[in-house]
Amino acid sequence: MSKRDYYEVLGVDKGASERDIKKAYKKLAMKYHPDRTAGDKALEEKFKEIQEAHEVLTDDQKRAAYDQYGHAGVDPNRGGGGFGGGADFGDIFGDVFGDIFGGGRGGRQSRARSGADLRYNLEMTLEEAVRGKNVEIRVPTLVECEVCDGSGAKKGTTPTTCPTCHGNGQVQMRQGFFAVQQTCPTCSGKGKIISDPCNACHGHGRVEKTKTLSVKVPAGVDTGDRIRLSGEGEAGEHGAPAGDLYVQVHVKEHKIFTRDGNNLYCEVPLSFTTAALGGELEVPTLDGKVKLKIGAETQTGRMFRLRGKGVKSVRSGAIGDLMCKVVVETPVNLSSRQKELLKELDESMGSGKDAAKHRPKEQGFFDGVKKFFDDLTN
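Fair warning: this is a prediction, and the values are worked out from it, not measured in the lab.

The rules behind each value
Residues numbered from 1 in each chain as written. Predicted model: local features only at pLDDT ≥ 70, side-chain atom pairs only at ≥ 80, totals over all residues. Heavy atoms only, no water. Helix = DSSP H or I, 4+ residues; strand = E, 2+ residues; numbered from the N terminus. Buried < 20%, exposed > 50% of the residue type's maximum accessible area, 1.4 Å probe, protein only. Contact = heavy atoms within 4.5 Å. Areas by Shrake-Rupley, 256 points an atom, 1.4 Å probe, with all protein chains shown as cover. Salt bridge = Lys/Arg side-chain N within 4 Å of Asp/Glu carboxyl O. Core = buried A, V, L, I, M, F, W, Y, C linked by side-chain atoms within 4.5 Å. Pairing = 2+ DSSP bridges. Axes fitted to C-alpha atoms, helices over the stretch in contact; angles between N-to-C directions. Phe/Tyr/Trp six-rings, centres within 6.5 Å; stacked < 30°, edge-to-face > 60°.

Chemist: What is the right way to look at the overall build of the protein in this model?
Modeler: In terms of regular secondary structure, the protein is built from 10 helices and 15 strands. Buried positions account for 33% of the 378 residues belonging to the protein. Counted over contacts in the protein with a minimum sequence separation of 6, partners at least 24 positions apart contribute 61%. Accessible area of the protein: about 24,000 Å², with a carbon and sulfur share of 51%.

Chemist: Hey, could you run me through the pattern of salt bridges in this one?
Modeler: Any two side chains of opposite charge can pair, so long as their charged atoms come close to each other. What the rule picks out here adds up to 22 salt bridges. For glutamate 45, the salt bridge goes to lysine 48, with nearest N and O atoms at 3.6 Å. You can see glutamate 45 and its partner lysine 48 sitting in helix H3 (residues 41–57), three residues apart, about one turn around the helix. Residue classification places glutamate 45 among the partly exposed positions, given a relative accessible area of 49%.

Chemist: Sorry if this is basic, but what is going on with the nonpolar core here?
Modeler: Across soluble globular proteins, you tend to see nonpolar side chains buried next to one another. Counting 36 residues, the largest nonpolar core has Ile137, Val215, Val217, Leu245, Val247 and Cys324 as its most contacted members. Apart from the residues lying within four places of it in its own chain, the contact partners of valine 247 are Tyr120, Leu122, Ile137, Val215, Asp225, Arg226, Ile227 and Leu229. One finds Tyr6, Ala16, Ala24 and Ala53 within the second-largest nonpolar core, a separate group that totals 20 residues.

Chemist: Would you explain the sheet that holds strand S9 (residues 245–251) in this entry?
Modeler: Where strands meet in a sheet, backbone hydrogen bonds hold them as pairs that are either parallel or antiparallel. With respect to topology, three strands assemble into an open sheet ordered S1-S9-S8, the strand pairing being mixed. Pairing within the sheet leaves two strands with one partner each, and these edge strands are strand S1 (118–124) and strand S8 (226–229). Neighbour to neighbour, the strand axes of the sheet diverge by 25° on average, direction disregarded. The pairing of S8 with S9 spans four bridges and is antiparallel. Across the sheet, leucine 229 pairs through a bridge with leucine 245, a residue of S9.

Chemist: Quick question: what am I supposed to make of the packing of aromatic side chains here?
Modeler: Think of a pair of aromatic rings as described by two things: how far the centres are apart, and how the planes are tilted against each other in angle. What the rule picks out here adds up to two aromatic pairs. For the pair tyrosine 6 and tyrosine 66, a centre-to-centre distance of 4.7 Å together with 35° between the ring planes defines the contact as tilted. Taken together, the residues span a long stretch of sequence, with tyrosine 6 in helix H1 (residues 6–10) and tyrosine 66 in helix H4 (residues 60–69) at a distance of 60 residues. Among the residues examined, tyrosine 6 registers a relative accessible area of 4% and is labelled buried. Each ring, one from tyrosine 7 and one from tyrosine 66, has its centre 6.1 Å from the other, and the planes form 40°; the classification is tilted. Remark: tyrosine 66 occurs in helix H4 and tyrosine 7 occurs in helix H1; sequence separation between them is 59 residues. For the pair formed by tyrosine 7 and tyrosine 66, the shared burial category is buried.

So this is what it looks like as structure tokens:
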């Protein structure tokens, strides 16, 4: 399938200024950005087409090649054939040493740096993380200067091409047989010079601002998960693409539950009598209290599983379980009568083989201890 004309893609005339091209790109990028098109593959491809057109038409050298040769002039697979003519011997060495020192053929073309990615640490309760939430965050960042539209030049003026590097951003230094490329000392690699800087941004093209953003946190996120907001990082230099904002999730410790993947864990105190005789116990879940049936002679540390009472996975949609570990609680603050009753209970269990029937673990432990010392003495 043949590619569409780049000017047609952005909806501008062939003689449009760089400023008009950037404005058209921003308008279309806002409309067709993947974050706004809900996974529509056709619109995602359209967004890529818009990005490609913007990249070519805002690059002086690529635009000139495109205007002369069409898509063939900027096709990277043609090895530069579209630009008419091959590279001379000096250019080859320039490319090799340019790559070593961070330049190369692509490095000779001036490029404004893209904006930096930012990170925002978002603290959430376990309940918020499990159910999901829309939150508003305030992020200090660098945004494009509205006065000069990011150009850095005073309104009514435009940056001029650097006379030293002729807009390439780099200069080539030859010494005998070798050639090394270096950042242009006049324009610091920008390829352009601003003689009359904007009063608002002082020529930087960006100003500091605190943005308020709405973030949709999906249900099931956990500590360490990141939410990417494309294009919400720092603005790029002089119209270059903005960076991204990464919202880093941190779930605060919960008083009752501990999370491990999609499962929740909690410890539930169990009375001495309920553990011995059995009964029902109310246990907490994130959806409210539920009743748990406790069998007679339940020992401390036993784990009960409540299926589907855990966390719904943010990726697979699978729902985890709630694991309840019962801990038998020893009675405290006993009255004299209560102590007497416990003594009577203990005496009623007898001793020796009779006691082992009621306390098998205790008897088994002491039998093991006795055998251990007998083996030492023999």
